[in-house]
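# Observations on chain architecture
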Amino acid sequence: MKECTEAVEGTARSVLKSLYEVFVNDRQDDTEYIRNVKAVMGALQRYSRENQDALSDPESVKLKLYRFSKELWLENLKRETGDGPDPEIEPVADDMEYEDYYDYYFDYIYNHGVYPR
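Residues numbered from 1 in each chain as written. Predicted model: local features only at pLDDT ≥ 70, side-chain atom pairs only at ≥ 80, totals over all residues. Heavy atoms only, no water.

### Considering the overall build of the protein chain
Cut-off, in case you're wondering: In this description a helix means any DSSP run of H or I spanning at least four residues, a strand means any run of E spanning at least two, and both kinds are numbered starting from the N terminus. Three labels apply to residues, based on accessible area from a 1.4 Å probe with only protein chains included: buried if under 20% of the type maximum, exposed if over 50%, partly exposed otherwise in between. By definition, residues are in contact when any of their heavy atoms lie within 4.5 Å. In these tables, accessible area is a Shrake-Rupley quantity obtained with a 1.4 Å probe, and a residue counts as shielded only by the protein chains included in the view.
Scanning the protein chain from N- to C-terminus turns up four helices and zero strands. The buried share among the 117 residues of the protein chain stands at 32%. In the protein chain, 61% of the contacts between residues at least 6 apart in sequence involve partners at least 24 apart. Here the protein chain has roughly 7700 Å² of accessible surface; of this, 47% comes from carbon and sulfur atoms.

### Observations regarding the nonpolar core
Note the threshold: Side-chain atoms within 4.5 Å are what join buried Ala, Val, Leu, Ile, Met, Phe, Trp, Tyr and Cys residues into a set we call a nonpolar core.
Of all hydrophobic cores here, the largest spans 23 residues; its most connected members are L16, Y33, M41, L65 and W73. Residue assignment for this core shows that the elements contributing at least two residues are helix 1 (2–25), helix 2 (30–50), helix 3 (58–81) and helix 4 (96–112). The biggest single contributor to this core is helix 3, with seven residues. Residues within four places of W73 in sequence aside, it is in contact with Y20, F23, D30, Y33, Y102, Y105 and F106.

### Considering the packing of aromatic side chains
For the record, the criterion: Note on aromatic pairs: the rings of Phe, Tyr and Trp (six-membered ring only in Trp) are paired at centre separations within 6.5 Å, and the planes decide the class, stacked below 30 degrees, edge-to-face beyond 60, tilted for the rest. By definition here, charges over rings are those cases where NZ of Lys or CZ of Arg is within 6 Å of the ring centre and within 35 degrees of the ring normal.
Scanning all chains against the criterion turns up 14 aromatic pairs. Consider the rings of Y20 and F23, whose centres lie 6.4 Å apart with planes at 45°: the pair is tilted. Remark: F23 and Y20 occur in helix 1; sequence separation between them is three residues, near one turn of the helix. Across the pair, F23 and Y20 agree in class, each one buried. Centre to centre, the rings of Y20 and Y33 are 6.1 Å apart; their planes meet at 75°, and the pair counts as edge-to-face. Pair noted here: Y20 is in helix 1 and Y33 is in helix 2, with a separation of 13 residues, a long-range link. When the ring centre of F68 is taken as reference, the NZ or CZ atom of R13 above it lies at 4.4 Å.

### Observations concerning the pattern of salt bridges
The test is simple: Any Lys or Arg side-chain nitrogen found within 4 Å of a carboxyl oxygen on Asp or Glu counts as a salt bridge.
Under the counting rule described, the total for this entry stands at five salt bridges. For D103, the salt bridge identified is with K70, shortest N-O distance 2.6 Å. A residue pair is termed long-range when its members are at least 10 positions apart, and D103 in helix 4 and K70 in helix 3 qualify at 33 residues. A relative accessible area of 31% places D103 in the partly exposed class. Judged by relative accessible area, K70 falls into the buried class, the value being 9%. We note a salt bridge from E75 to R79, for which the minimum N-O separation is 3.8 Å.

What follows is the structure, given as C-alpha coordinates:
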(Lines give C-alpha, C1' and ligand atoms only; values in the text may rest on other atoms or scores of the structure.)
Protein backbone atom coordinates (compact mmCIF):
# COMPACT_ATOMS: atom_id res chain seq x y z
CA MET A 1 0.00 0.00 0.00
CA LYS A 2 2.81 2.41 0.91
CA GLU A 3 4.58 1.86 -2.41
CA CYS A 4 1.37 2.56 -4.33
CA THR A 5 0.75 5.79 -2.41
CA GLU A 6 4.34 6.88 -3.05
CA ALA A 7 4.00 6.04 -6.75
CA VAL A 8 0.75 7.98 -7.12
CA GLU A 9 2.13 10.95 -5.18
CA GLY A 10 5.39 10.92 -7.12
CA THR A 11 3.60 10.76 -10.45
CA ALA A 12 1.25 13.60 -9.52
CA ARG A 13 4.19 15.66 -8.25
CA SER A 14 5.94 15.15 -11.59
CA VAL A 15 2.81 16.24 -13.48
CA LEU A 16 2.49 19.35 -11.28
CA LYS A 17 6.16 20.20 -11.83
CA SER A 18 5.67 19.92 -15.60
CA LEU A 19 2.60 22.17 -15.46
CA TYR A 20 4.62 24.66 -13.41
CA GLU A 21 7.43 24.66 -16.00
CA VAL A 22 4.92 25.36 -18.78
CA PHE A 23 3.44 28.16 -16.65
CA VAL A 24 6.86 29.77 -16.18
CA ASN A 25 8.25 29.19 -19.67
CA ASP A 26 5.11 30.30 -21.51
CA ARG A 27 4.45 33.13 -19.05
CA GLN A 28 0.93 31.91 -18.45
CA ASP A 29 -1.60 33.71 -16.34
CA ASP A 30 -1.84 32.65 -12.68
CA THR A 31 -5.37 31.38 -13.21
CA GLU A 32 -4.20 28.97 -15.92
CA TYR A 33 -1.61 27.38 -13.64
CA ILE A 34 -3.87 27.24 -10.60
CA ARG A 35 -6.81 25.82 -12.54
CA ASN A 36 -4.49 23.16 -13.99
CA VAL A 37 -3.42 22.31 -10.43
CA LYS A 38 -7.08 21.94 -9.50
CA ALA A 39 -7.63 19.62 -12.48
CA VAL A 40 -4.79 17.38 -11.27
CA MET A 41 -6.32 17.36 -7.78
CA GLY A 42 -9.70 16.44 -9.25
CA ALA A 43 -8.14 13.59 -11.20
CA LEU A 44 -6.42 12.39 -8.03
CA GLN A 45 -9.76 12.40 -6.19
CA ARG A 46 -11.47 10.44 -8.98
CA TYR A 47 -8.62 7.94 -9.03
CA SER A 48 -8.77 7.44 -5.26
CA ARG A 49 -12.56 6.90 -5.38
CA GLU A 50 -12.25 4.39 -8.22
CA ASN A 51 -9.23 2.62 -6.67
CA GLN A 52 -9.88 2.75 -2.95
CA ASP A 53 -7.13 0.23 -2.20
CA ALA A 54 -4.47 2.34 -3.96
CA LEU A 55 -4.23 5.22 -1.48
CA SER A 56 -4.45 4.75 2.26
CA ASP A 57 -5.00 8.47 2.94
CA PRO A 58 -5.95 10.34 -0.25
CA GLU A 59 -6.70 13.62 1.55
CA SER A 60 -3.20 13.71 3.01
CA VAL A 61 -1.67 13.13 -0.43
CA LYS A 62 -3.92 15.79 -1.94
CA LEU A 63 -2.90 18.31 0.75
CA LYS A 64 0.81 17.60 0.22
CA LEU A 65 0.46 18.05 -3.53
CA TYR A 66 -1.60 21.22 -3.11
CA ARG A 67 1.08 22.70 -0.86
CA PHE A 68 3.80 21.60 -3.29
CA SER A 69 2.09 23.34 -6.22
CA LYS A 70 1.50 26.49 -4.18
CA GLU A 71 5.14 26.58 -3.05
CA LEU A 72 6.30 26.35 -6.67
CA TRP A 73 4.02 29.25 -7.59
CA LEU A 74 5.17 31.35 -4.63
CA GLU A 75 8.81 30.60 -5.47
CA ASN A 76 8.24 31.97 -8.97
CA LEU A 77 6.42 35.01 -7.59
CA LYS A 78 9.29 35.77 -5.22
CA ARG A 79 11.79 35.42 -8.04
CA GLU A 80 9.76 37.83 -10.21
CA THR A 81 9.35 40.37 -7.40
CA GLY A 82 12.95 40.22 -6.29
CA ASP A 83 12.78 38.07 -3.18
CA GLY A 84 14.14 35.14 -5.14
CA PRO A 85 17.59 34.17 -6.34
CA ASP A 86 18.02 37.06 -8.83
CA PRO A 87 19.62 39.87 -6.76
CA GLU A 88 19.31 42.44 -9.58
CA ILE A 89 15.53 42.63 -9.26
CA GLU A 90 14.35 44.97 -6.52
CA PRO A 91 12.01 43.29 -4.00
CA VAL A 92 8.44 44.57 -3.93
CA ALA A 93 8.20 43.90 -0.21
CA ASP A 94 9.31 41.29 2.23
CA ASP A 95 6.39 42.02 4.51
CA MET A 96 4.41 39.09 5.90
CA GLU A 97 1.24 40.91 4.83
CA TYR A 98 2.14 40.32 1.18
CA GLU A 99 2.84 36.64 1.80
CA ASP A 100 -0.55 36.31 3.49
CA TYR A 101 -2.21 38.05 0.54
CA TYR A 102 -0.56 35.78 -2.04
CA ASP A 103 -1.49 32.73 0.01
CA TYR A 104 -5.10 33.96 0.00
CA TYR A 105 -4.85 34.85 -3.70
CA PHE A 106 -3.77 31.31 -4.68
CA ASP A 107 -6.48 29.72 -2.52
CA TYR A 108 -9.14 32.05 -3.90
CA ILE A 109 -8.30 31.28 -7.54
CA TYR A 110 -8.13 27.56 -6.72
CA ASN A 111 -11.58 27.63 -5.14
CA HIS A 112 -13.31 30.10 -7.48
CA GLY A 113 -11.41 29.90 -10.77
CA VAL A 114 -11.04 33.68 -11.04
CA TYR A 115 -9.07 36.52 -9.48
CA PRO A 116 -10.30 37.90 -6.15
CA ARG A 117 -12.47 40.97 -6.51
